[in-house]
Amino acid sequence: MHHPILELSGVSFTYGNGAVLRDVDLAVREGGFYGIVGPSGAGKTTLLRIMEGSLRPARGTIDRRVDGRKEPRLAVVPQLEAVDWTFPITVEEVVLLGTAGNGRRLPWATRGMRDQARTVLGQLGIGDLATRHIRNLSGGQQQRTFIARALIRKPDLLLLDEPTSGVDVATRHDILHLLHELNHEGIAIVLTTHDLNAVAAHIPMLICVNGRIVAEGTPEQVLTTDVLRDLYGADMVVVNREGMILVGDAFGATVDPHERATHAEGTPAAHFGQIPPHEHGKDADHVHEEVEAGP
Amino acid sequence: MTWITEPLTHTFFRHGLAAGVLGGALCGLVGVYVVLKHMSYIGHGLSHAIFGGAAAALVLGWNFYLGAGAWGVLSALLINAVSRRRTIGADAAIGVITTASFALGVALISSVHHFAINLEAALFGNILGVTTSQLLVLCGVLAGVVAVITFRYRQLLFATFDPEAADAYGISSRSADTVLALMLAATIVSTMQALGVTLIAATIVIPAVIARLITDSFAKMLVLSTAIGAVAGAAGMYVSYYVDVPPGAAIVLMLAGVFAILYVVTAVTARRRLQALGTLDAHTDVAGPTVGADRA
């Protein structure tokens with residue numbers, strides 16, 4: 001078992017009107033991959049920002065030197081919606097910001113730093129976009145730019161706020177695949193998501209948050225009707241088929257009304273609308289067929 | 001060329017020109033951060049808040065820079081702290097702090113009748129009455145701000161662009177905000193007597209906005225905004241000399257004019273580019289790539 005690199009003990013937080021988080025105990029382990037899920041306003045982003053150190057808890061402690069070990073190097077990837085895309089900055093300049101905390105006083109980057117930035121951009125497949133303004137990128141390229149900024153810092157722990165929000169299905173697939181690759185290289189990853197089917201179900205460990213930790217475990221352990229009822233306060237249907245987990249609300253609200261009418265009531269297809277592709281390359285139609293063929 | 005050299009034979013003009021160039025450059029430089037951090041309203045409010053300190057210094061017989069400077073630093077830190085709170089709107093809280101401070105300044109100066117002339121100078125500036133010591137202060141503040149921006153360039157850039165993530169990358173967004181607020185306060189205090197409370201905000205904001213219209217590079221924006229502020233300061237002085245308009249007003253009107261022209265030119269250029277792309281798409285019958293195309 002990998003040892004913890006970040007521990008939260010009895011953490012509570014408030015913005016002034018009631019507690020957003022209450023008595024959160026959590027450990028992030030070396031090389032772990034965690035997804036924080038929960039309804040809107042549950043405190044997912046707040047929990048992430050407490051981990052990154054930009055918010056201080058009202059109560060409780062954060063230990064970044066667990067058992068006296070070296071403090072993990074953090075890197076943060078913001079939500080795309082939170083970025084000022086009109087800011088006058090190029091892709092390479094964004095990436096080089098990842099080195100701004102290294103103590104160098106002079107304003108310009110060294111040749112070595114520039115080479116490093118180009119290398120990271122090349123690894124992420126956007127090496128030819130270095131001089132482009134960040135506004136002139138697609139959503140996937142924008143996300144990769146900020147991941148590159150994080151990687152140039154050589155992080156032990158990567159924190160991402162809704163990394164698949166606002167991107168299309170193919171880009172979401174690419175980003176998840178990239179994050180799995182980075183995790184296999186040893187980087188611990190924590191991300192927030194509200195997408196249970198397309199994102200959360202593909203993450204090894206889930207932390208269910210709704211003002212407190214409701215449940216913690218693998219998707220198989222926590223994506224259950226009982227936990228989801230506790231988490232969202234609503235009845236949800238969960239289908240686990242050959243290791244693939246699908247979640248839908250009990251009223252089939254996520255289903256296109258026209259499409260829902262074509263399925264017999266009570267079948268899984270009646271509960272699941274647009275089925276996302278599997279992380280390892282199954283396309284949406286293929287997955288949909290499997291569900292329709294279910295009992 | 002005599003139209004350039006003739007005004008320089010007057011000491012008041014040479015001092016005014018130096019104040020215009022130095023003050024314009026300083027405001028233009030600091031203005032880049034003010035504009036990009038969407039702090040224009042804070043810049044405007046802070047100049048009014050510092051007026052209270054300047055008035056108190058005048059009435060109580062303190063050194064101007066001591067009174068206005070201490071008041072400015074306190075106001076900047078208070079505004080900075082209030083801006084970080086979420087319980088009340090930051091704009092409302094800043095409005096209360098700055099206008100109350102401004103009103104205090106007006107009340108203090110009005111209570112002593114022979115200071116009425118100073119009230120007008122503080123409000124609208126008296127660039128032609130700038131002294132050598134005031135020029136030295138301007139030089140000192142400009143040198144200090146250039147040094148801070150040079151040696152904290154990357155940290156300030158990060159904290160301006162992405163303050164939420166800065167702390168995780170080892171950069172204190174709080175200290176960066178404090179440094180920016182102090183630079184802004186020092187800029188306003190050192191240029192207040194030359195440009196006046198009511199015009200400082202414009203000289204801070206407009207050069208940066210013009211520079212932003214010209215470039216997509218942060219480093220170039222810093223250089224351009226500084227140069228635009230300095231050139232406008234010099235040009236405003238000459239316009240004032242020949243057209244008989246107050247120098248502060250001439251500087252701001254010139255900047256506003258340049259901004260208006262550039263805004264129209266860039267808008268027309270962008271429209272033409274879009275039309276060209278549309279024509280291309282129509283001819284090739286291909287949906288060309290658009291900015292952020294795969295974003296929902």
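What counts as what
- Residues numbered from 1 in each chain as written.
- Chains lettered and ligands numbered in written order.
- Predicted model: local features only at pLDDT ≥ 70, side-chain atom pairs only at ≥ 80, totals over all residues.
- Pairing = 2+ DSSP bridges.
- Helix = DSSP H or I, 4+ residues; strand = E, 2+ residues; numbered from the N terminus.
- Axes fitted to C-alpha atoms, helices over the stretch in contact; angles between N-to-C directions.
- Contact = placed C-beta atoms within 7 Å.
- Core = buried A, V, L, I, M, F, W, Y, C linked by C-beta atoms within 7 Å.
- Buried ≥ 20, exposed ≤ 12 C-beta atoms within 10 Å, placed from the backbone.
- Nonpolar A, V, L, I, M, F, W, Y, C, P; charged D, E, K, R; others polar.
- Parallel < 35°, antiparallel > 145°, perpendicular 65-115°, else oblique.
- Left-handed = near helix turned anticlockwise from the far one by under 90°.
- Domains from an automatic or database assignment.

Turning our attention to the sheet that holds strand β8 (residues 205-209) of chain A. Residue and element names in this part refer to chain A. The mixed open sheet is built from 6 strands, whose spatial order is β5-β6-β7-β3-β8-β9. Edge positions in the sheet fall to β5 (74-77) and β9 (213-217), since each of these pairs with one other strand and no more. The mean angle between the axes of side-by-side strands here comes to 15 degrees, regardless of whether they run parallel or antiparallel. Taken together, the 4 bridges between strand β3 (residues 33-37) and strand β7 (residues 188-192) define a ladder with parallel strand orientation. Of the residues in β7, the one forming a bridge with Ile36 is Thr192. Packed on one face of the sheet, helix α4 (residues 139-151) meets β5 and β6 (157-161) and runs near 170 degrees to β5.

Moving on, we come to the nonpolar core. Formed by 163 residues in total, the largest nonpolar core has its most connected members in Leu159(A), Leu26(B), Val30(B), Ile50(B), Leu184(B) and Met192(B). When residues no more than four places from it in sequence are discounted, the contact partners of Val30(B) are Val145(B), Met183(B), Leu184(B), Thr187(B) and Ile204(B).

Contacts between chain A and chain B engage 33 residues on the former and 31 residues on the latter. With 3 residues, the top contributor of residues to the side of chain A that touches chain B is β5(A). Counted by class, the side of chain A that touches chain B contains 14 nonpolar, 12 polar and 7 charged residues.

It is worth spelling out the environment of Val167(A) at this point. Tracing the backbone through its elements, the reader meets Val167(A) in the loop between β6 and α5 (169-184). In the structure, Val167(A) is positioned 85 residues away from Ala82(A) in sequence and 14 Å away in space, judged by C-alpha atoms.

Residues and elements named next belong to chain B. Closest axis-to-axis distance for the helix α3 (residues 40-60)/helix α11 (residues 197-214) pair is 9 Å, and the angle between their directions is 150 degrees. By the angle class used here, α3 and α11 are roughly antiparallel. Helix-helix and strand crossings are classified by hand; for α3 and α11 the assignment is right-handed. Where α3 approaches α11, its residues Ser40, Gly43, His44, Ser47, His48 and Phe51 are matched on the opposing element by Val197, Ile200, Ala201, Ile204 and Val205. Broken down by class, the residue content of the contact of α3 with α11 amounts to 6 nonpolar, 5 polar and no charged.

We now examine the domain arrangement of chain A. Residue and element names in this part refer to chain A. Domain boundaries assigned for chain A yield domain 1 (1-73 + 155-218), domain 2 (82-154) and domain 3 (234-295). Between the C-alpha centres of domain 1 and domain 2 there is a distance of 24 Å. Across the boundary between the two partners, domain 1 contributes 10 residues, which contact 7 residues of domain 2. With 4 residues, α5 is the largest single contributor of residues to the side of domain 1 that touches domain 2. Across the side of domain 1 that touches domain 2, the residue classes tally to 6 nonpolar, 2 polar and 2 charged.

The next point concerns helix α1 (residues 44-52) of chain A. Residue and element names in this part refer to chain A. Judged by how many residues are buried, α1 sits mostly within the fold: 8 of 9 residues are covered. Within α1, the full set of buried residues consists of Lys44, Thr46, Leu47, Leu48, Arg49, Ile50, Met51 and Glu52. Directly after α1, the chain includes Gly53, whose backbone phi takes a positive value near 95 degrees.

A word on the sheet that holds strand β4 (residues 59-63) of chain A. Residue and element names in this part refer to chain A. Strand order across the open sheet formed by 3 strands is β2-β1-β4, with antiparallel pairing between neighbours. Whereas interior strands pair on both sides, the edge strands pair on one side only; in this sheet they are β2 (19-29) and β4. Here the average twist between neighbouring strands, direction ignored, is 10 degrees. Of the pairings in the sheet, the one linking strand β1 (residues 4-14) to β4 comprises 4 bridges and is antiparallel in character. Bridged to Ser9 within β4 is Thr61.

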